[in-house]
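# Fold and geometry: a report
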Amino acid sequence: TADPRSAQPVAAKPRDFRQEVTDRIIGMLENGVAPWQKPWNPGEASLGMPKNPTTDRSYRGGNALHLMATALQRGYSDPRWMTYKQASDQGWQVRRGEKGTQIEFWEVKPTDIDASPGDNAGASSERNVRDGRDTRLVHRVYTVFNAKQIDGIPEYQPKRPTPFEVVSSAEQILDNSGAKITHDQADQAFYNRASDSIHLPPKDAFKDAAGYYGTALHELDHWT
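Cut-offs and rules
Sequence order as written defines the numbering, with residues in each chain counted from 1. Reporting in this predicted model follows two pLDDT cut-offs: at least 70 for local features of residues, and 80 or more for side-chain atom pairs to be given and counted; totals over whole chains, interfaces and linings ignore these cut-offs and use all residues. Side-chain metrics rest on all non-hydrogen atoms present in the structure, leaving aside hydrogens and water. Each helix corresponds to a stretch of at least 4 residues labelled H or I by DSSP, and each strand to a stretch of at least 2 residues labelled E; elements are numbered beginning at the N terminus. Only heavy atoms matter for contacts: two residues are in contact if any of them lie within 4.5 Å across the pair. Only the six-membered ring of Trp is used, alongside the rings of Phe and Tyr, when aromatic pairs are assigned; centres must lie within 6.5 Å, and planes under 30 degrees apart are stacked while those over 60 apart are edge-to-face, with the rest tilted. Exposure is judged per residue with a 1.4 Å probe applied to protein chains only, and the accessible area is read against the type maximum: over 50% gives exposed, under 20% gives buried, and values in between give partly exposed. Among buried residues, those of type Ala, Val, Leu, Ile, Met, Phe, Trp, Tyr and Cys that are joined through side-chain atoms within 4.5 Å constitute a nonpolar core. Known as pLDDT, the predictor's confidence for each residue is given on a scale from 0 to 100. Each cavity reported here is a set of points on a 1 Å grid over the protein atoms alone in which a 1.4 Å probe fits but cannot get out, each pocket an open set with protein on both sides within 12 Å along at least five of seven lines, and each lining residue one with an atom within 4 Å of a point. Grid points are joined across faces, edges and corners, and a volume is the space filled by probe spheres set on the points. Think of it as three bins: nonpolar holds Ala, Val, Leu, Ile, Met, Phe, Trp, Tyr, Cys and Pro, charged holds Asp, Glu, Lys and Arg, and polar takes everything else, Gly as well. To get an axis, fit a line to the C-alpha atoms, keeping to the stretch in contact for a helix; angles then go from 0 to 180 degrees between the N-to-C directions. Should an angle fall under 35 degrees it is called roughly parallel, over 145 degrees roughly antiparallel, and 65 to 115 degrees roughly perpendicular, with every other angle called oblique. The hand of a helix crossing depends on one turn: near helix anticlockwise from the far one by less than a right angle means left-handed, and clockwise means right-handed.

Let us now look at the environment of Ala216. Summarising the element assignment, Ala216 is placed in helix α5 (residues 209-223). Between the C-alpha atom of Ala216 and that of Glu171, which follows or precedes it by 45 residues, the distance is 9.6 Å. In this structure, Ala216 is in contact with Leu174 and Leu200, ignoring residues within four places of it in sequence.

Next comes the structure, spelled out in structure tokens:
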């Protein structure tokens, strides 16, 4: 029998943050839930992408998907996320016992500039040569909290687009689609597969802009 005193300590396996996120998303998909579908109540359907209210920036990529999945699992109906320090700097307080959610951040820095330690962040770096410059890719993992875990934060007020913004966005979608759209109908709207074109009544035949763009985008669905 081997002497247990001679056994070498086994190094702890480094945490694989990306694999944890991947496993969580796959698990939700296997249970019939797709986080990006945002299946919240109709009254809350305008919540949008996860956002940091202290920097006014939206989270992107895997972080956004991860935060959406976490919000769905925990029942958060607020898209705002921030670090403990960011909340504290605003005079808000993360409630005792609340569990944070980790996200990752990458930044390219010159090798002669030290990355300052982040709030609740573990940093690692990798040197490389990019465009003739010696740089390092700094990786950090931050812990963030949802607004529903924080006391003192103002109630979330979703941004409501103005009628002008709605019309502008819809017109841009139609223009950028590349679809051939003809206003040559008196009382019908349809997509013609033979000519690969959309046919609509003139704009002034509709009661309002919402009616026109709703119809046009519906036919664009068929064209797509």
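A separate point is the packing of aromatic side chains. The description of an aromatic ring pair rests on the distance of the ring centres and on the angle between the ring planes. Counted by the stated rule, this structure contains 4 aromatic pairs. Aromatic pair Tyr76 and Trp81: ring centres 5.9 Å apart, planes at 65°, arrangement edge-to-face. Classification of Tyr76 by relative accessible area gives buried; the value is 10%. A centroid spacing of 5.3 Å and a plane angle of 75° characterise the contact between Phe206 and Tyr212, whose relative ring orientation is edge-to-face. One aromatic cluster is present, built from ring pairs that chain together Phe206, Tyr212 and Tyr213.

In this section: the environment of Asp89. Assignment of secondary structure puts Asp89 in helix α3 (residues 84-89). For Asp89 and Thr54, which are 35 residues apart along the polypeptide, the C-alpha to C-alpha distance reads 9.2 Å.

Moving on, we get to the nonpolar core. Membership of the largest hydrophobic core is limited to 10 residues, which are Ala170, Leu174, Ala179, Ile198, Leu200, Phe206, Tyr212, Tyr213, Ala216 and Leu220. At 4 residues, the largest contribution of residues to this core is made by α5. By size, the runner-up hydrophobic cluster in this structure holds 9 residues, among which are Ala64, Trp81, Ile103 and Val144.

The subject of this paragraph is the confidence of the model for the protein. When the pLDDT values of the protein are averaged, the result is 81; 76% of them are 70 or greater. Note that pLDDT drops below 50 for residues 38-46; the model gives that stretch 11 contacts with residues more than four away or on any other chain.

By volume, the largest pocket amounts to about 710 Å³. The wall of the largest pocket is formed by 22 residues, among which Tyr59, Asn63, Ile103, Glu104 and Phe105 lie closest to the centre. Those elements that place two or more of their residues in the lining of the largest pocket are α1 (17-30), β2 (57-58), α2 (61-74), β5 (101-110) and β7 (133-146). The class makeup of the residues in the lining of the largest pocket is 8 nonpolar, 10 polar and 4 charged.

Here the focus is the packing of α1 against α2. For the pair α1 and α2, interaxial distance at closest approach is 10 Å and the crossing angle is 50°. Classified by the angle their axes make, α1 and α2 are oblique. Where α1 crosses over α2, the handedness of that crossing is left-handed. Along the contact surface, α1 presents Phe17, Val21, Arg24, Ile25 and Met28, while α2 presents Leu65, His66, Ala69, Thr70, Leu72 and Gln73.

This part is about the packing of helix α4 (residues 163-177) against α5. Between two packed helices, what matters for the description is the angle formed by their axes and the separation of those axes. The N-to-C vectors of α4 and α5 enclose an angle of 30°; their axes lie 10 Å apart at closest approach. Regarding the angle of α4 to α5, the classification is roughly parallel. Read as a crossing pair, α4 and α5 show a hand that is left-handed. Here α4 contributes Val167, Ala170, Glu171, Ile173, Leu174 and Ser177 to the contact with α5, which in turn contributes Ala209, Tyr213, Ala216, Leu217, Leu220 and Trp223. Per-class residue counts for the contact of α4 with α5 are 10 nonpolar, 1 polar and 1 charged.

Within the chain, Asp56 stands out as a residue other than glycine whose phi angle is a positive 60°. Looking at where Asp56 falls in the secondary structure, it is placed in the loop between β1 (51-52) and β2. Taking relative accessible area as the criterion, Asp56 reaches 56% and is therefore assigned exposed. The phi dihedral of Asp196 is positive, around 50°, even though this residue is not glycine.

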